[in-house]
Amino acid sequence: MARFHTLPVTAVDRLTDDSVALTLAVPPELRAKYRHAPGQHLALRHTVDGTEIRRTYSICSPAPAPGSEGPRTLRIGVRLVEGGAFSTYALKEITAGDEVEVMTPAGRFTLDPAPGRYAAIVGGSGITPVLSIVTTLLAREPQARFCLIRSDRTSASTMFLEEVADLKDRFPERFQLVTVLSREEQQAGLPSGRLDQERLTELLPALLPVEQLAGWFLCGPFGLVQGAERALRGLGVPRALIHEEIFHVDAGAAPASVSPAPAHSSVTVRLDGRGGTWPVRDGESLLDTVLRNRPDAPYACKGGVCGTCRAFLVAGKVRMDRNFALEPEETDAGYVLACQSHPATEKVELDFDR
Ligand code: FES
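By the naming in an unreviewed UniProt entry, the protein chain is 2Fe-2S iron-sulfur cluster-binding protein, taken from Streptomyces bluensis. Listed under Cofactor (unreviewed entry) in UniProt, the entry text for the protein chain is "FAD".

Here it is in structure tokens:
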């Protein structure tokens, strides 16, 4: 069950003009709770003028070794989003010695280290979870190789340059880096420009034996992830080998719920072992219904992006506004995003514990 704990910030490292990495210390009694898989994220919460804001940030540090007590520290990457209340606070106010409220790790954009060849296509801050994935994989699995294809505007705006260069030094035989800058010509390497579907369709077969790869990790803005997925599908890569995480979808862009819920609809919920049934107000999401009655319900973005509000639909039907978080096999298995769901039947039953 997702829970918030207060963790001390032990370091704030500036990565670029508009991004930092925060290091958080995990006290011994909480380490098991913050055990994470490579690629997972943390939701942070902060209250501004009486309003609680939450935002998820991917963990960039490697996952703790299996059998260990859990991580002693967690490092996350934060990039300033224009007008973003949380990232402004994180970049301009947080200093070492402060405390922040941090949810236990969540997210399914993860890799279970195993032998084989893997690749990632990332844009901007999309490098953050992939840094944890590639570092954990190469350190733990000597029979694994990884190709990182990253796209940024300029080298000055590229997050984690040093950490990625370090991977090249540590694993010269097993780590391949391809950088494309959209607004700067590089002295060596690929010409500048965008990494879109057309360019990837040409580039990928020249770089890699595409059909031999065991997994693809796509992370970044919506357009890049969508273009990369189309390129891979066009090259014959099965959907099941493609893992996606989208950053920066404007939460305000969610379409309003158009069709009203059936009259007198209600939601029955199981959450942290306890149940309840409550009426759903017209137009509100099932998450909002639950939160009015159970403020401990898990959520972070409320925008269909982070997947923190995932619940299993036990009975009834729902209509989801949008979904950038659940993989097709999760929706096929019956999972929904509570923050995007509205009742399509009079009775709906959700289980947050499954
Ligand atoms: S809270 Fe992020 S997807 Fe629902």
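Now that the structure has been shown, the text picks up again.
Focus: the overall build of the protein chain
Broken down by element type, the protein chain carries seven helices and 18 strands. Taking 354 residues into account, the globule formula puts the C-alpha radius of gyration at 20 Å, and the protein chain, at 21 Å, falls close to it. The principal-axis extent of the C-alpha atoms belonging to the protein chain is close to 65 × 50 × 40 Å. Scored against the burial criterion, the 354 residues of the protein chain give a buried share of 52%. Restricting the contact set of the protein chain to residue pairs at least 6 apart, pairs at least 24 apart contribute 68%. When the accessible area of the protein chain is evaluated, it comes to approximately 15,900 Å², of which 49% is carbon and sulfur surface. Of the charged side chains in the protein chain, 39 are positive and 44 negative, and the gap between their average positions amounts to 3 Å.

As for the sheet that holds strand β7 (residues 116-123)
Hydrogen bonds along the backbone pair up the strands of a sheet, which may run parallel or antiparallel. Strand order in this open sheet of five strands is β9-β8-β7-β10-β11, and the pairing throughout is parallel. Edge positions in the sheet fall to β9 (175-181) and β11 (242-247), since each has one partner strand and no second. With direction set aside, neighbouring strand axes in the sheet form an average angle of 10°. The pairing of β7 with strand β10 (residues 215-221) spans five bridges and is classified as parallel.

Here's the deal with unusual backbone geometry
Notably, D49 is not glycine yet its phi reads approximately 50°, a positive angle. With respect to the element layout, D49 can be found in the loop between β3 (41-48) and β4 (51-58). Residues other than glycine seldom take positive phi values, yet F160 does so here, at roughly 60°. On the secondary structure map, F160 appears in the loop between β8 (144-152) and α3 (161-170). Residue classification places F160 among the buried positions, given a relative accessible area of 1%.

Describing the domain arrangement of the protein chain
Domain boundaries assigned for the protein chain yield domain 1 (4-103), domain 2 (116-248) and domain 3 (266-351). Using C-alpha coordinates to define each centre, domain 2 is positioned 33 Å away from domain 3. On the side of domain 3, four residues touch domain 2, which itself brings six residues to the contact. With both chains or domains summed, domain 2 and domain 3 bury close to 450 Å², and 50% of this area falls on carbon and sulfur atoms. If you sort the residues of domain 2 by the area they bury against domain 3, F222, R239 and I246 come out on top, with a joint share of 68%. Run the count over domain 2 and domain 3 and you get one salt bridge.

Observations regarding the sheet that holds β3
As summarised here, the arrangement of the six strands in space is β4-β3-β6-β1-β2-β5, forming an open sheet in which the pairing is antiparallel. Single-partner strands in this sheet number two, and they are β4 and β5 (73-79). Between one strand and the next, the sheet's axes are offset by a mean angle of 40°, whatever the strand orientation. Pairing of β3 with strand β6 (residues 99-103) involves two bridges; the strand directions are antiparallel. Looking across to β6, one finds that R45 is bridged to E101.

Overview of the pattern of salt bridges
Any two side chains of opposite charge can pair if their charged atoms end up close together. One pass over the full model with this rule turns up 19 salt bridges. The network of salt bridges with common partners includes E229, R239, E244 and E327.

The rules we used
Residues numbered from 1 in each chain as written. Predicted model: local features only at pLDDT ≥ 70, side-chain atom pairs only at ≥ 80, totals over all residues. Heavy atoms only, no water. UniProt positions renumbered as here; feature names shortened; annotations may be inferred. Helix = DSSP H or I, 4+ residues; strand = E, 2+ residues; numbered from the N terminus. Rg over C-alpha atoms; globule rule 2.2 N^0.38 Å. Buried < 20%, exposed > 50% of the residue type's maximum accessible area, 1.4 Å probe, protein only. Contact = heavy atoms within 4.5 Å. Areas by Shrake-Rupley, 256 points an atom, 1.4 Å probe, with all protein chains shown as cover. Lys, Arg positive; Asp, Glu negative; His and termini not counted. Charge placed at Lys NZ, Arg CZ, Asp CG, Glu CD. Pairing = 2+ DSSP bridges. Axes fitted to C-alpha atoms, helices over the stretch in contact; angles between N-to-C directions. Domains from an automatic or database assignment. Buried area = accessible area lost by both parts, 1.4 Å probe. Salt bridge = Lys/Arg side-chain N within 4 Å of Asp/Glu carboxyl O.

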